[in-house]
Structures are given as structure tokens and as C-alpha cells.
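Fold and contact review
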Amino acid sequence: MKIFLDTADVEEIRQGVAMGVVDGVTTNPSLAAKAGRNFKDVVLEIVEICPGPVSAETVALGADEIVREGRILAKWAPNIIVKVPLMAEGLKAVRQLTSEGIKTNVTLVFSVNQALLAAKAGATFVSPFLGRLDDIGQDGMQMVRETVEVFRNYGLVTEVLAASIRHPLHVTQAALAGADIATMPFKVLGMLVKHPLTDSGLESFLKDWEKVPDAKTVFL
Ligand code: E4P
């Protein structure tokens, strides 16, 4: 499963990419607002740091306007993915952008049927928001599992990008469900690295190493 960072904070992206495990980045208007900088400046910096897919979202509500915004975003860098909200006008726009060779990520997906429509419109990625479904007492992961199954049933090539991930268990479950990608906050990526037994194991290894006769010279 590929790992994307869900952030518009370039420092977080720099650190994640340096770790060698980040395959792409997703942003959204709320994350852009949190970054507090000009959106174009931020995105241009992100695409320099991360060579993988970087999602930047359109904000128009009509298809023609979404397509216009999408064309502008796509011109900024070859690895930009135009993120389009799931709605009838959005699907229309995705169909058009796809026909122009522009890659898209259909966002704000909360049902398998919505995911199916996004795939049929030609989306490159579809983003089921599992955490937000959990928030209202529904099983977000079930939607991810079923979306993966439906796409497999019909050989749909759209990648399932599990989004709105809140904790490490979501990541494990998304991988078990067969999601192609999980996009997560930087904090969750950090949590994936840590385990108390790793920390205590490392501590005792380093302590024992001091008793090895050539410990101080072997790596010179
Ligand atoms: C995905 O692309 C979205 O940016 C994101 O995962 C939304 O997550 P949230 O529900 O934590 O805001």
C-alpha cells in the first residue's frame, strides 16, 4: 500500500519524504488555510519536495469552472493531481479533465455508489473519507472494503485512496482491505514508526553492546 501525507505543511512533507516512505501528498482547502500561505507557493514547494502525486483541489461548483481551475492546477507541475469534490458537476468535469489527460482525485466520497460513479467518470483516484463516517457512527472501513471489492469485480483501474485516516489502526485496516493508498496526517505517520518494545529493545541492545570488547573500534 502506498502512503501519502495529508497535509499542506511543507516541513512535515520534507521530513516524511526524507524518511523514505512517502509516495505522495494530498491537500484540501482546509489544510491550505491552516498552512496560512499562498496556495500556489505551497503547492509549488510540495511538488519540488515530493516527486509522487500531489493532489490540489478545485473550489468551483460548476463543471466548466471546475475544468478551468483543473487545467490551471495541472499546468503547475506534471505530478499534480486535480482533486474534485463528488457531485454531478464534479463528475462531468472529471470526465472532461480525464479526456484531456489530466489526472484526478475525486474527494468527499462517503458511499460505494459515489466511488463507483467516480471510477466510471474516469477518476485516477477516489478518496473514501472513512474517519468522517466513523465520526457519525457509521463503519468507514466497510465502505473502503466494499469499494475495493466492487472495483475488483469490474476491473476498474481507479485507485482507492483511503482518506480521513485518524489513527494507526485505520492504516492497518486500510491495508487489509486492499486500499491502494492511505493518506494520513504527519502525526499518524510518526505513530506508525513507534513501538514501546522497539524502544526498550534498542535501549538494552545499546547497553549490552558496550560490553563487546571491540565495541569502540569495530566501525572505525
Ligand atoms: C483527503 O484527501 C482529505 O484531505 C482528508 O483525508 C480529510 O481528512 P479529515 O477528515 O481528517 O479532514
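Above this text sits the structure in question.
Summarised in this report is the structure supplied together with it. (Residues numbered from 1 in each chain as written. Predicted model: local features only at pLDDT ≥ 70, side-chain atom pairs only at ≥ 80, totals over all residues. Heavy atoms only, no water.)

A closer look at the site of the ligand
The line we're drawing: If even one non-hydrogen atom of a residue comes within 4 Å of a molecule or strand, that residue is called near it. Any N or O atom pair separated by 3.5 Å or less is treated as a polar contact, with the protein-specific requirement of one donor-capable and one acceptor-capable atom, and with residues adjacent in sequence counted only for side-chain atom pairs. For accessible areas, the Shrake-Rupley method is used with a probe of radius 1.4 Å. Any residue's cover is judged against the shown protein chains and nothing else. Throughout this entry, Asp, Glu, Lys and Arg are counted as charged residues, while Ala, Val, Leu, Ile, Met, Phe, Trp, Tyr, Cys and Pro are counted as nonpolar. The remaining residues, Gly among them, count as polar.
Close to the ligand lie D6, T26, N28, K83, F129, R132, A163, S164 and R166, which account for all nearby residues. R132 is positioned with one of its side-chain polar atoms (N or O) 2.7 Å from an oxygen atom of the ligand. Surface burial for the ligand is 86%, taken as the share of its 340 Å² of free accessible area covered by protein chains. A class-by-class count of the residues in the shell around the ligand yields two nonpolar, three polar and four charged.

Re helix α10 (residues 186-193)
Selection rule: A 1.4 Å probe rolled over the protein chains alone gives each residue an accessible area, and that area as a share of the maximum for its type sets the label: buried under 20%, exposed over 50%, partly exposed in between. To qualify as a helix, a DSSP run of H or I must reach at least 4 residues; to qualify as a strand, a run of E must reach at least 2; elements of each kind are numbered from the N terminus. An arc is given here, and it is the one of the directions from the helix axis to the C-beta atoms. Here, two residues are considered to be in contact whenever any of their heavy atoms come within 4.5 Å of each other.
For α10, the full list of buried residues reads F186, V188 and L189. Viewed along the axis of α10, the buried residues span an arc of 160 degrees, placing them on a single side of the element. Packed against the buried residues of α10 are β1 (2-6), α1 (10-18), α9 (168-177) and β8 (181-184).

Overview of the nonpolar core
So the rule is basically this: In this description, a nonpolar core means a group of buried Ala, Val, Leu, Ile, Met, Phe, Trp, Tyr and Cys residues linked to one another through side-chain atoms lying within 4.5 Å.
Core analysis: the largest hydrophobic core is formed by 60 residues, its most contacted members being I165 and M184. If you tally residues by element for this core, the top one is helix α8 (residues 140-153), at six residues. Ignoring sequence-local partners within four residues, the contact set of M184 consists of I3, F4, L5, D6, I165, V171, L189 and L192. Ranked by size, the runner-up nonpolar core spans five residues in total, among them F4, I81, F125 and L161.

Points about the pattern of salt bridges
What counts, and what does not: Salt bridge, as applied in this entry: a Lys or Arg side-chain nitrogen positioned within 4 Å of an Asp or Glu carboxyl oxygen.
A full pass over the atoms with the stated rule returns 12 salt bridges. The salt bridge partner of E45 is R14, with a shortest N-O separation of 3.4 Å. Residue E45 is located in helix α3 (residues 39-49), and its partner R14 is located in helix α1; the two are separated by 31 residues in the primary sequence. The class for E45 is partly exposed, based on a relative accessible area of 26%.

What about a nonpolar patch on the surface?
Our working rule: Each patch is assembled from residues with relative accessible area greater than 30% and no salt bridge, linking like charges that lie within 9 Å and nonpolar side chains (Val, Leu, Ile, Met, Phe, Trp, Tyr) that lie within 5 Å.
Among the surface-exposed residues, M19, V21 and V193 lie close enough to one another that they form a single nonpolar patch of about 240 Å² accessible area. Secondary-structure assignment places V21 in the loop between α1 and β2 (24-26). Note on V21: relative accessible area 36%, which makes it partly exposed.

Details of the sheet that holds strand β5 (residues 104-109)
Formally: Strands are labelled as partners when DSSP assigns at least two bridges between them. Angles shown run from 0 to 180 degrees and are taken between the N-to-C directions of axes, each axis being a line fitted to C-alpha atoms and, for helices, limited to the stretch in contact.
Taken together, eight strands build a closed barrel; the order of strands is β1-β2-β3-β4-β5-β6-β7-β8 and the barrel is parallel. Taken pair by pair, the neighbouring strands of this sheet meet at an average axis angle of 30 degrees, ignoring direction. One ladder, built from two bridges, connects β2 with strand β3 (residues 54-57); its direction is parallel. Note on β3: the bridge partner recorded for T26 is S55. Along the sheet face, helix α5 (residues 88-99) touches β4 (80-85) and β5 and points at about 155 degrees away from the line of β4.

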